[in-house]
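# Analysis of the macromolecular model
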Amino acid sequence: MSDVFISYARSTAAQANQVAEALRALGYGVWRDDELPPHRAYADVIEERLAAAKAVVVLWSAEAVRSEWVQSEADRARADRKLVQLNLDGAKLPMPFDRIQCADLAGWNGEPHAPAWRKVVESIAALASPAATGPTPARHRSAPKLSICVLPFANISDDPQQEYFSDGISEDIITDLSKVSALSVVARNTAFTFKGKSVRVGDVARELNVSHVLEGSVRKAGNRVRITAQLIDGAAGDHVWAERWDRDLTDIFALQDEISQAIVAALKLRLMPEEKQAIARRGTENVEAYNLYLMARQYLVSGNLGDARHQEAIVRLCKAATDLDPDYARAWALMARAQRSLRFTHGRAGDDGLAAAERAMRLDPNLPEAHAVKARHLEVQGRREEANEEAEFALRLDPQSFEANDTAGDLSFRQERFEDAARYFEQAAALMEAEVGCAAMMITCYLAMGDAEKMRRAARMTVERAERAVTHDQSNGSAMAWGACGLAALGERDRARDWARRAVLVDPDNAMARYNLACILSVHMGDTEGALELLGPFLANTTLTYIDHAQVDPDLAPVRGDPRFAAMMAAARERLAAEAAAVD
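Residues numbered from 1 in each chain as written. Predicted model: local features only at pLDDT ≥ 70, side-chain atom pairs only at ≥ 80, totals over all residues. Heavy atoms only, no water.

## Some remarks on the pairing of strand β3 (residues 55–60)
Sheet faces and side chains relate simply in a regular strand, where the side chains alternate between the two faces. Most of β3 is tucked away, with six of its six residues classed as buried. Residues Ala55, Val57 and Leu59 line one face of β3 and the alternating positions Val56, Val58 and Trp60 line the opposite face, and both faces are buried. The pairing of strand β1 (residues 4–7) with β3 spans four bridges and is classified as parallel. Directly across from Ile6, in β3, lies its bridge partner Val57. (Buried < 20%, exposed > 50% of the residue type's maximum accessible area, 1.4 Å probe, protein only. Helix = DSSP H or I, 4+ residues; strand = E, 2+ residues; numbered from the N terminus. Pairing = 2+ DSSP bridges.)

See below:
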């Protein structure tokens, strides 16, 4: 296998070849995707070569920053501690890569003694030995850092609806182990791609290039919980450690700590005092409040955001959680998101969520989900610059926050910054594997950017996720409408029409679904009359959030010049202004 994997965007193929040849001249084995064998699947070969490489050199450029493939490869390399970055054109790097050393090779002509190039060579030398020199003597070879993938724990409860609980346990263990500085942990979004699949641990270890894999199961019944876990050596396939616990549900937090510490002990690692404290920090000590929060979050990831009943359920569950523990910041933040959605997306009277978001921030100033809600409120108030700053702050707090990336995507979209929006939606979709809406938004962004290849990729992702969501919940009108959008973008018009009809039949009150169906008719079907027919009653009853969205949505470009659409929009704004005046 090659020493160095080169990741780059297609427009910089010449520079990628220049870098590759310079490294080969130094004795390194180099691989880039111009060497794909014709009989192998593209994704399979990329995974294999990426895992095997000792160093991954990412060539950042304006196009690479927008590329899901390059970002995905860079993220894998970062997780495996073998990332080497260089910038070809001064492009602003996406987070979190903007926090990592990056050599500036703008204008580099291949000069081997250029300071920036020497920096690249030194970084690669620290990770990989040139193939020509043979293997590094054992006494000089640095020990590989321990790494682990926590596979989603299987729900083996009698009630399949308890899956939210097993997912929560898995996520918490990933979070806990990520606080151990001596251990590299595969990100949640990568680990959860294996959810529900029958996999061989050795294959997972090789694919992700990790030294160990943790797998287990959760059975929850009444006030009792049984958890089994086993730590497996990825190379040898041997069990390093295995255990089973039968406990009262009230012991769940102590049990999670025990599992994490048992894994650390089995790997012969030592926890620093601050790491022990970080693992013990749960956000709440009330088990029932924790259980209610996990239930509420499951509604968030279900994919049916157009159904106000889901948002109402989140509010009720989080309200119950905060009644039990008034200091539970995450529950306040999730409730704030749902309340904001009910008020500004569904047009419901009542609390707009700002008070809950601010309370969450007082309890935990570093909670990105709360700052994401605050950013959306600032946008509604017309304070766009402040909204952007708040969203950026949320992302700095946690670049891996779904809510922060989703919010940044929405703000960018409504400001017609479609390249930025696509980047944020890509990240949000990667972080939440069940999320359909972000994948569907990527279709619109790439269509606006004129990138047909990425649009089709986003459309395929949307259809796949929509199919899974509808299989899980056949009344999910939002997923059906998004699936119809993906099918229409792929040119499968008959299937798209069938999905659209089903969406209207099973969820006739879903305003989000009807709006998306109008967009399909407008941009993918060329049916202006049909789009306007759907938009008329929608705009006559919708909220300012949707009006502002429709004003810039590229999917409605074919109808935007129609005087009937302009009249509908003007009438909608007059109605909303009159309603606001009546309230004042």
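Next, the rest of the story.
## So, empty space enclosed by the protein
One way to see where empty space is left: roll a probe the size of a water molecule over the atoms. Evaluation of the coordinates by the stated rule reveals three cavities of 30 Å³ or more. The computed volume of the second largest cavity comes to approximately 90 Å³. Contributing to the lining of the second largest cavity are Gln71, Pro94, Met95, Leu395, Pro399, Asn405, Arg423, Tyr424 and Gln427. The element contributing the most residues to the lining of the second largest cavity is helix α18 (residues 418–431), with three residues. (1 Å grid on protein atoms, 1.4 Å probe; cavity = no way out; pocket = protein on both sides within 12 Å on 5 of 7 lines; lining within 4 Å. Points joined across faces, edges and corners; volume = space filled by probe spheres on them.)

## So, the sheet that holds strand β4 (residues 83–87)
Spatial ordering of the open sheet is given by β2-β1-β3-β4-β5, a layout of five strands whose pairing is parallel. The open sheet is flanked by β2 (30–31) and β5 (102–104), the only strands paired with a single partner. The sheet strands contacting helix α1 (residues 13–25) are β1, β2 and β3, and the helix crosses β1 at an angle near 165 degrees. Against the sheet, helix α5 (residues 115–127) contacts β1, β3, β4 and β5, and its axis sits at roughly 170 degrees relative to β4. (Contact = heavy atoms within 4.5 Å. Axes fitted to C-alpha atoms, helices over the stretch in contact; angles between N-to-C directions.)

## Concerning the packing of aromatic side chains
If you walk through the whole model with that rule in mind, you get eleven aromatic pairs. Taking 5.3 Å as the distance between ring centres and 75 degrees as the angle between the ring planes, the aromatic pair formed by Phe413 and Phe418 counts as edge-to-face. Judged by relative accessible area, which is 1%, Phe413 ranks as buried. Note on Tyr515 and Tyr546: the rings are 5.7 Å apart at their centroids and 45 degrees apart in plane angle, and the pair reads as tilted. Of the two residues, Tyr515 sits in helix α23 (residues 511–524) while Tyr546 sits in helix α25 (residues 544–552), which places them 31 residues apart along the sequence. Take Tyr515: its relative accessible area is 2%, and that puts it in the buried class. According to the relative accessible area criterion, Tyr546 is buried, its value standing at 9%. Aromatic ring contacts, followed pair by pair, group Tyr515, Phe538 and Tyr546 into a single cluster. (Phe/Tyr/Trp six-rings, centres within 6.5 Å; stacked < 30°, edge-to-face > 60°.)

## Observations concerning the pattern of salt bridges
Under the criterion given, the structure shown has 30 salt bridges. One salt bridge connects Arg244 with Asp246, and the closest N-O pair in it is separated by 3.5 Å. Judged by its relative accessible area of 49%, Arg244 is partly exposed. By relative accessible area, which is 33% here, Asp246 ends up partly exposed. Put simply, Arg337, Arg376, Asp406 and Asp410 are held in one network by salt bridges that share partners. (Salt bridge = Lys/Arg side-chain N within 4 Å of Asp/Glu carboxyl O.)

## Details of the nonpolar core
Ranked by internal contacts, the top residues of the largest apolar core, which has 76 residues, are Phe165, Leu214, Ile227 and Ile263. Among the elements that line this core, the one with the most residues is helix α13 (residues 329–344), at nine residues. With sequence-adjacent residues up to four places away left out, Phe165 is seen in contact with Val218, Lys220, Val225, Leu249, Ile252, Tyr290, Asn291 and Leu294. Within the second largest apolar cluster, 64 residues are counted, among which are Ala421, Trp482, Tyr515 and Leu517. (Core = buried A, V, L, I, M, F, W, Y, C linked by side-chain atoms within 4.5 Å.)

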